[in-house]
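# Notes for the structure review
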Amino acid sequence: MTEFQEKVLKLIEEGKSPSEIKRLLNCPRTSIASVLKTYNVPIEKRNYLHKKCKEDYFDIIDTDEKAYILGFFIADGTIDSFTNRMGISIQSSDKEVLDLIKFELNISNNIVISNKHPELRKEQAQLRWSSKHMVNTLKRYNILPRKTYDSEFIFPFDKIPEQFYRSFIRGFIDGDGSYEFNGKGIFTIRLVSTSRSFLDQIGNIISSNIEGMGYCLEYHKGKTIDWYTLRFQTYGIDKPNKILKLYKFLYQDSKFSFKRKKDKMESYLKYLGKLEN
């Protein structure tokens, strides 16, 4: 083994990426790839996402944070089962949730801020990590690669305690939901998914916890993929009090949520005098 090969393998074991090794050793990437191939370095170790994380984090959902992150990951997470890679990319103004995930999962990778196509999208924040164990754990929750295209997705709620359903739903709302308040008393809640069955699950849980709160599902035909919208409805009178009950269901004693979304619901409730300013 040459001195160069020894250095490359040592840096790989330390969790360095090929790009980092290229910079540290001032050598071509092809030379690094040759060493990895020669010594049969497993594919997961060739990736900077090999850096460690808390692999058993989702094995048991027993905290508000775990349920929230699981729900958020279903909305915005990605999985590559070939490299056991996971990642989340969101607009940088919402970076706070990546800070939470990085801390909770003890991910050693840095959060990367990029703005490659400013004319097309807002500045992005991205966090990536890898773990074969975690990828397999996520399979138990029916969370698989290309989950966006899984129109039959159903979440196995029986695998998490009922007390954390609201945390899970809050996480999903922060990822794939929106609140709209026009400042004049009109407030709407909207969630989107390619799976009608999954939205039905969420709608049923909220309806069973908030008396008089119903929901409707709308189908949308897309160019590459079809999707559904879930909208909540309040039956009868006293919509503000029902929204207040929903607010308490989602946010009371919660450990984390997107401030901008929570603030929007609070603005509606304050406008109608249901919350103090």
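Use the structure listed above.
Description of the structure in this document. (Residues numbered from 1 in each chain as written. Predicted model: local features only at pLDDT ≥ 70, side-chain atom pairs only at ≥ 80, totals over all residues. Heavy atoms only, no water.)

### Digging into the sheet that holds strand S4 (residues 124-130)
Counted only if it meets this: Strand pairing is assigned whenever DSSP identifies at least 2 bridges connecting the two strands. Each helix is a run of DSSP H or I of at least 4 residues and each strand a run of E of at least 2, with the numbering of both proceeding from the N terminus. Here, axes are lines fitted to C-alpha atoms. For helices the fit covers the stretch in contact, and angles between N-to-C directions go from 0 to 180 degrees. Throughout, a residue-residue contact means that at least one pair of heavy atoms, one from each residue, lies within 4.5 Å.
An order of S1-S2-S4-S3 is seen for the four strands of this open sheet, with the pairing classed as antiparallel. Each of the sheet's edge strands pairs with one partner strand only, and the pair in question is strand S1 (77-80) and strand S3 (112-114). Direction aside, the axes of adjacent strands within the sheet are offset by 25° on average. Lying on the sheet, helix H4 (residues 64-76) is in contact with S1, strand S2 (85-91) and S4; it crosses S2 at an angle near 80°. Seen against the sheet, helix H6 (residues 132-140) touches S1, S2 and S4 and runs at an angle of roughly 75° to S2.

### Quick word on helix H5 (residues 96-104)
Put simply, the rule reads: Buried, partly exposed and exposed residues are distinguished by accessible area as a fraction of the type maximum, computed with a 1.4 Å probe on protein chains only: under 20%, between the cut-offs, and over 50%, respectively. To obtain the arc, one takes the directions from the helix axis to the C-beta atoms.
Along H5, the residues that are buried comprise Val97, Leu98, Leu100, Ile101 and Glu104. Buried positions in H5, seen along its axis, are confined to an arc of 155° and lie on one side of it. Among the structural elements, H4, S2 and S4 are those in contact with the buried residues of H5. Of the residues one or two after H5, Asn106 is the one with positive phi, at around 55°.

### Details of the packing of H4 against H5
In a packed pair of helices, the relevant descriptors are the angle between the two axes and the axis-to-axis distance. Which entries qualify depends on this criterion: When describing relative orientation, an angle under 35 degrees is termed roughly parallel and one over 145 degrees roughly antiparallel, while 65 to 115 degrees is termed roughly perpendicular and anything else oblique. Crossings are assigned a handedness: left-handed for a near helix turned anticlockwise from the far helix by less than a right angle, right-handed for a clockwise turn. Only Asp, Glu, Lys and Arg are considered charged, only Ala, Val, Leu, Ile, Met, Phe, Trp, Tyr, Cys and Pro nonpolar, and every remaining residue, Gly among them, polar.
Between H4 and H5, the least distance of the axes is 11 Å, while the angle of their chain directions is 120°. Here H5 runs oblique to H4, going by the angle between their axes. With respect to the hand of their crossing, H4 and H5 are arranged in left-handed fashion. Residue-level contacts link Glu65, Tyr68, Ile69 and Phe72 of H4 to Val97, Leu100, Ile101 and Glu104 of H5. A breakdown of the residues in the contact of H4 with H5 according to their chemical character gives six nonpolar, no polar and two charged.

### So, the side chain of Glu104
The line we're drawing: All tallies of charge rest on Lys and Arg as positive and Asp and Glu as negative; His and the ends of each chain are not included. Criterion for a salt bridge: a side-chain nitrogen of Lys or Arg within 4 Å of a carboxyl oxygen of Asp or Glu.
Checked against the element boundaries, Glu104 lands in helix H5. It is Lys54 that comes nearest to the buried, bridge-free Glu104 among opposite-charge side chains, at 6.5 Å. When neighbours within four sequence positions are excluded, Glu104 is seen to be in contact with Lys54, Tyr57, Glu65 and Ile69.

### Thoughts on unusual backbone geometry
Notably, Asn142 is not glycine yet its phi reads approximately 65°, a positive angle. One can find Asn142 in the loop between H6 and helix H7 (165-176). For Asn142, a relative accessible area of 33% gives the class partly exposed. Located in the positive-phi region is Asp253, a residue other than glycine, with phi close to 65°.

### Digging into the sheet that holds strand S7 (residues 213-220)
The strand order across the open sheet formed by four strands is S5-S6-S8-S7, and the pairing between neighbours is antiparallel. In this open sheet, the two strands that pair with only one neighbour each are strand S5 (177-181) and S7. Ignoring strand direction, the axes of neighbouring strands in this sheet form an average angle of 25°. Two strands pair when backbone bridges link them, and S7 and strand S8 (residues 227-234) are joined in this way by eight bridges, in the antiparallel orientation. Counted as the bridge partner of Leu217 is Leu230 from S8.

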